[in-house]
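Spelled out, the chains give:
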Amino acid sequence: MKKAIISGSTGLLGRALVKLLCLKGIELLCLGRKELDKRSCEEIFGSSAVKYLCLPMERILELKRKSEEVNWVTDNSCVFYNFAWSGEKKLTDGTFKSQLENVGNSANAITVANDLGCKKFVNAGTIEETFADSWFKNSSKEFNSTQMNYSLAKIAARDMCKIVAYLCKIDYVHTRLSVPLDFTLQNGSYVANTLKKISKNIKYQKPTNSQLFDIISVEDVAKAYLLIGCHGKNKADYYIGSSRPATLEQFFNAFEKLLKTKNIKKTEKFFSNKSSFFNYSQLKQDTGFSPSSIFEDILKESF
Ligand SMILES: NC(=O)c1ccc[n+]([C@@H]2O[C@H](COP(=O)([O-])OP(=O)(O)OC[C@H]3O[C@@H](n4cnc5c(N)ncnc54)[C@H](OP(=O)(O)O)[C@@H]3O)[C@@H](O)[C@H]2O)c1
């Protein structure tokens, strides 16, 4: 991979991947929906070497023409990473209709990637798809999720993307994540904010969600996407995580313990809950990926 195009480049995962690919000398075309001047680009991406195009996903079909305006030439090693997604105020909220808009945008991105001559399209999905898929196969009860519209739209995007990629004859790699986290706790997500509160001894509301989550550092996520860009196989569906699932309450309790004892061994009991959903072995087998850090390393990053 000598070149890559990244939609949603200004987001949590996009920024992390841009930084890593820049370090590896990969030429980048970053897409976003905000107008950014040169200084803002440097601040966000940490490099002046990236080309940035303001192009909302609703207009992604204009990419070929717009990319020429910034003298971007796609080569046959180029990978298109699709991270752009939005609800109404955040990633996962909003009506089913608003979530569904992302599906058409993602499918259009594949046709554009193919027209440009990209070698591979890598799409970001979520572990919520796996929960929903499992429910569809096994349950007779009503589907109950706190992120129902998001989960269903993500499944629709995955399936639509697979079909469009097949018809276009471009390689398609699907990926799923649980909780990518900036270990410096700067990104303001619910998990990062709660961990910050715990570190400052501020009271926080105990999570009521008993679902399992798997926290992985954004640097490891970026590493996984680099490897997928280079070695990921057509039609693969990779789970990117650390395979140490726990409930949010268990994560928060583990963090409290860690702050008190500074002893990683004492937090191990919080991660005993194994689930086959959070298994990155296929990713490891195909690309050689394994995470470089674990949840407890937050202590090294932030304090
Ligand atoms: N973060 C998680 O916990 C998590 C977990 C599982 C899966 N994922 C998936 O990973 C992908 C990236 O997530 P993330 O955490 O990086 O999300 P994020 O921080 O919210 O970033 C989303 C990116 O998409 C861009 N975007 C949204 N709507 C757009 C539109 N209409 N046109 C152009 N750009 C648009 C945003 O631009 P602005 O900067 O202008 O808002 C931002 O750059 C998403 O598909 C998400 O579902 C994330």
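You'll find the structure just up there.
All of these numbers come straight from a predicted model, not from anything done at the bench.

Procedures and definitions
- Residues numbered from 1 in each chain as written.
- Predicted model: local features only at pLDDT ≥ 70, side-chain atom pairs only at ≥ 80, totals over all residues.
- Helix = DSSP H or I, 4+ residues; strand = E, 2+ residues; numbered from the N terminus.
- Near = placed C-beta within 6 Å.
- Nonpolar A, V, L, I, M, F, W, Y, C, P; charged D, E, K, R; others polar.
- Buried ≥ 20, exposed ≤ 12 C-beta atoms within 10 Å, placed from the backbone.
- Arc of directions from axis to C-beta.
- Contact = placed C-beta atoms within 7 Å.

K.L.:
Please explain the environment of Lys-269 as it appears in this structure.
P.N.:
Assignment of secondary structure puts Lys-269 in the loop between helix H9 (248–261) and helix H10 (281–287). Residues Lys-269 and Gln-250, 19 residues apart in the sequence, show an inter-C-alpha distance of 9.4 Å.

K.L.:
Explain the site of the ligand here, please?
P.N.:
Inspection of the region around the ligand gives 22 residues, with Gly-8, Gly-11, Met-57, Trp-85 and Ser-86 positioned closest. Contributions of two or more residues to the shell around the ligand are made by helix H1 (12–23), strand E5 (120–126) and strand E7 (179–181). Top contributing element to the shell around the ligand by residue count: H1, with three residues. Looking at the shell around the ligand residue by residue, the class counts come to 12 nonpolar, seven polar and three charged.

K.L.:
I would appreciate a short explanation of helix H2 (residues 38–45) in the present structure.
P.N.:
Owing to its 3.6 residues per turn, the α-helix aligns residues three or four sequence positions apart on the same side. Looking only at H2, the buried set comprises Cys-41, Ile-44 and Phe-45. Down the axis, H2 shows its buried residues gathered within 80 degrees of arc, on one side only. Opposite its buried face, H2 presents the exposed residues Arg-39 and Glu-43, each directed more than 90 degrees away. Packing partners of the buried residues in H2 comprise H1, strand E2 (27–32) and strand E3 (51–54). Trailing H2 by a residue or two, Gly-46 shows a phi angle of about 70 degrees, which is positive.

In short, shape yes, function no, at least from these values alone.
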